[in-house]
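The chain contents come next:
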Amino acid sequence: EDKVVQSPLSLVVHEGDTVTLNCSYEVTNFRSLLWYKQEKKAPTFLFMLTSSGIEKKSGRLSSILDKKELFSILNITATQTGDSAVYLCAVAPTSGSRLTFGEGTQLTVNP
Amino acid sequence: DVKVTQSSRYLVKRTGEKVFLECVQDMDHENMFWYRQDPGLGLRLIYFSYDVKMKEKGDIPEGYSVSREKKERFSLILESASTNQTSMYLCASSLLFGRETQYFGPGTRLLVL
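Residues numbered from 1 in each chain as written. Chains lettered and ligands numbered in written order. Predicted model: local features only at pLDDT ≥ 70, side-chain atom pairs only at ≥ 80, totals over all residues. Heavy atoms only, no water.

(A) Quick look at the overall build of chain A. The helix and strand tally for chain A stands at zero helices and eleven strands. Relative to the 2.2 N^0.38 estimate, which gives 13 Å for 111 residues, the radius of gyration of chain A is 13 Å and therefore close to what a compact globule would have. C-alpha extents for chain A along the principal axes are approximately 45 × 25 × 20 Å. The buried share of chain A, taken over its 111 residues, is 43%. Contacts in chain A between residues at least 24 apart in sequence constitute 54% of all its contacts with a sequence separation of at least 6. Charged side chains in chain A number 11 positive and 11 negative. The centres of these two groups are separated by 6 Å. (Helix = DSSP H or I, 4+ residues; strand = E, 2+ residues; numbered from the N terminus. Rg over C-alpha atoms; globule rule 2.2 N^0.38 Å. Buried < 20%, exposed > 50% of the residue type's maximum accessible area, 1.4 Å probe, protein only. Contact = heavy atoms within 4.5 Å. Lys, Arg positive; Asp, Glu negative; His and termini not counted. Charge placed at Lys NZ, Arg CZ, Asp CG, Glu CD.)

(B) View of the sheet that holds strand β7 (residues 65–70) of chain B. Residues and elements named next belong to chain B. Judged by pairing direction, the sheet is antiparallel, and its four strands sit side by side in the order β1-β3-β8-β7 without closing on themselves. The open sheet has two edge strands with one neighbour each: β1 (4–6) and β7. Across this sheet, the average inter-strand angle for adjacent strands is 20 degrees, counted without regard to direction. Both β7 and strand β8 (residues 73–78) contribute to a ladder of four bridges, which runs antiparallel. By the bridge assignment, V66 is partnered in β8 with L76. (Pairing = 2+ DSSP bridges. Axes fitted to C-alpha atoms, helices over the stretch in contact; angles between N-to-C directions.)

(C) Just the environment of G63 of chain B, in detail. Within the secondary structure, G63 of chain B is located in the loop between β6 (56–57) and β7. Residues G63 of chain B and S80 of chain B lie 17 residues apart in sequence; the distance between their C-alpha atoms is 7.6 Å.

(D) Representation of a nonpolar patch on the surface in the model. A cluster of nonpolar side chains, V12, L111 and L113 of chain B, forms an exposed patch at the surface whose accessible area comes to about 260 Å². Along the chain, the position of V12 of chain B falls in strand β2 (residues 10–13). (Patch = residues over 30% accessible without salt bridge, like charges linked within 9 Å, V, L, I, M, F, W, Y side chains within 5 Å. Areas by Shrake-Rupley, 256 points an atom, 1.4 Å probe, with all protein chains shown as cover. Salt bridge = Lys/Arg side-chain N within 4 Å of Asp/Glu carboxyl O.)

Pasting the structure below:
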């Protein structure tokens with residue numbers, strides 16, 4: 001059974017801090033790992049990672065995958081209150097279209 | 001932009017009622033999914049569909065059924081709602097092969113009394 005574990009489950013920081021969110025996984029026939037951001041509504045897509053060691057970056061957010069150690073990290077630098085959200089990690093196998101999601105990390109950024 | 005809409009943002013129903021949740025996507029996606037999201041449990045897949053009239057059980061299908069009569073529309077049905085089905089329900093869609101990015105609707109928060 002595929003499994004995704006995120007840590008920490010919740011995190012409270014001050015504006016300007018840098019945070020690192022972790023996602024480890026066990027999946028049969030891994031194809032990709034995805035990060036989503038969920039505010040008080042629909043999860044929105046952030047990144048998809050398929051290759052080890054290649055950083056994906058979007059503004060203050062970046063992510064990298066380690067397929068040997070089976071984990072990914074999501075970094076957010078110079079956090080802002082608008083970064084407050086649940087960050088979801090999901091993995092996709094090579095066959096089929098299903099994703100397996102982790103529990104999510106609730107990030108709260110205080111002014 | 002992909003748009004996924006859900007028929008209701010909030011619903012309150014009574015135990016034993018039949019409940020319909022509808023989801024519509026406008027990007028001609030083959031795959032559609034229904035999840036429920038609960039604190040401490042993350043997103044759990046209820047059912048998904050990869051084509052009209054096709055459906056497959058997810059991880060927690062008990063107590064639910066689905067219908068996909070048109071490509072753009074995927075309905076989740078609670079035949080007889082129970083209090084343990086109080087949850088946030090999220091619909092998503094994606095392309096069929098090799099395109100695992102899923103696009104989500106805004107969610108329906110269902111309260112069963």
